[in-house]
Structure formats: C-alpha cells, structure tokens
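# Architecture and fold: a report
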Amino acid sequence: MVFVKPFVKVPVYGASCWLHPEKALVQLSLRGKTADILWFTIFHEIGHIIKHSKKEFFIEIDDKSMHKSPEELEADEYAAETLIPSSQLKEWLKKSDKLNATRISDFAKELNIAPGVLVGRLQHMNHIRYSDFNGLKFRYNWCQ
C-alpha cells in the first residue's frame, strides 16, 4: 500500500493492480482527506484485489457522469459491507428516530469504526445532509 499526493485536477482516489502473482499494489491519494473517504477507498481497492482478475488495473476516479462497471459496483459493495454491514445499519436506522452525534458515535463504537465513517455512509445514503455531523470526521493532511 502506498500513498501518493494527488495531482492537481486529476480526480483519482486510488488504484490497484497485481505486480506479480503473489504481490498486489494498492495506491491511495488521500483525495478528500477524510477518514470515511480514505477507508472506503482502501476497502474498495482491496475488493478489486480479492475479487477481480489479476490481469486488470483498476483506478477509482471521481466522475459522476460515468456508468460504473460491474467490477466497480462489486468493489463499492465490498467496501460498504466490510465497513458497515447493511443489515446492521438498517436495524440501527429503524431504532434511531432522530440521528444525533451521540447515537452516531455509539453505533460507530459498536461497529468498531470511526464515527466519521458512519457519517460518510449516512450522507451518501441521504439519511443526513452532506453538511451534517462533519465535526465527527477525522481529516488527514500531508506532512510538509
């Protein structure tokens, strides 16, 4: 696993490929700089390594206009389910009539993940606004 500073105007979050039959590479850019994006990208790229051809090279880009391939959708699902199993999330949401920072933090602790990872998932699912609970997200910065 390697981290590479993102290039200006290049919307790449991560990439993965097999270097040879027993060694895989996962490259991450820290694009977005929040824990939810980083951890989703890590598990997305690991999903490619585990589930897809050793002959393919995968790049995770931020392009909402593109239709995702079946491999990309499968890697997304792998990442989402690994971080927060949908069955547990659905059950918790049924019990949580009003979301607040305490409930989010408590459930994240139960799942053994950072609260910001749960916030990112809830934002992505439109259960909360993208401006809600961002104080629970951990931000990464490159060292000088």
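Refer to the structure printed above.
These numbers were taken from a predicted model, which means no experiment stands behind them.

### A word on helix H3 (residues 86–95)
For H3, the set of buried residues is Leu 89, Trp 92 and Leu 93. The buried residues of H3 occupy one face: seen down the axis, they fall within an arc of 100°. Every exposed residue of H3 that faces more than 90 degrees away from the buried side is listed here: Ser 87, Lys 90, Lys 94 and Lys 95. Next to the buried residues of H3 lie helix H4 (101–111) and helix H5 (115–124).

### Let's talk about the environment of Ser 131
As for its position among the elements, Ser 131 is in the segment after H5. The sequence separation of Ser 131 and Glu 56 amounts to 75 residues, and the corresponding C-alpha distance is 37 Å.

### Describing the packing of H3 against H4
It is at 12 Å that the axes of H3 and H4 come closest, and there the two elements cross at 150°. As summarised for this structure, H3 and H4 are arranged roughly antiparallel, according to the angle between their axes. The element H3 and its partner H4 pack so that their crossing is right-handed. Only Arg 103, Ile 104, Phe 107 and Leu 111 of H4 make contact with H3, whose side of the interface consists of Gln 88, Leu 89 and Trp 92. For the contact of H3 with H4, a count of residues per class yields five nonpolar, one polar and one charged.

### Section: the sheet that holds strand E3 (residues 23–28)
In spatial order, the strands read E1-E3-E2-E4; together these four strands make up an open sheet with mixed pairing. Only two strands of the sheet have a single neighbouring strand rather than two, namely strand E1 (2–3) and strand E4 (57–61). Bridging between strand E2 (residues 12–20) and E4 involves five bridges; their strand directions are antiparallel. By the bridge assignment, Ala 15 is partnered in E4 with Ile 59. Each of E1, E2, E3 and E4 touches helix H1 (residues 35–51); the most contacted strand, E2, lies at about 30° to it.

About the thresholds
- Residues numbered from 1 in each chain as written.
- Predicted model: local features only at pLDDT ≥ 70, side-chain atom pairs only at ≥ 80, totals over all residues.
- Heavy atoms only, no water.
- Buried < 20%, exposed > 50% of the residue type's maximum accessible area, 1.4 Å probe, protein only.
- Helix = DSSP H or I, 4+ residues; strand = E, 2+ residues; numbered from the N terminus.
- Arc of directions from axis to C-beta.
- Contact = heavy atoms within 4.5 Å.
- Axes fitted to C-alpha atoms, helices over the stretch in contact; angles between N-to-C directions.
- Parallel < 35°, antiparallel > 145°, perpendicular 65-115°, else oblique.
- Left-handed = near helix turned anticlockwise from the far one by under 90°.
- Nonpolar A, V, L, I, M, F, W, Y, C, P; charged D, E, K, R; others polar.
- Pairing = 2+ DSSP bridges.

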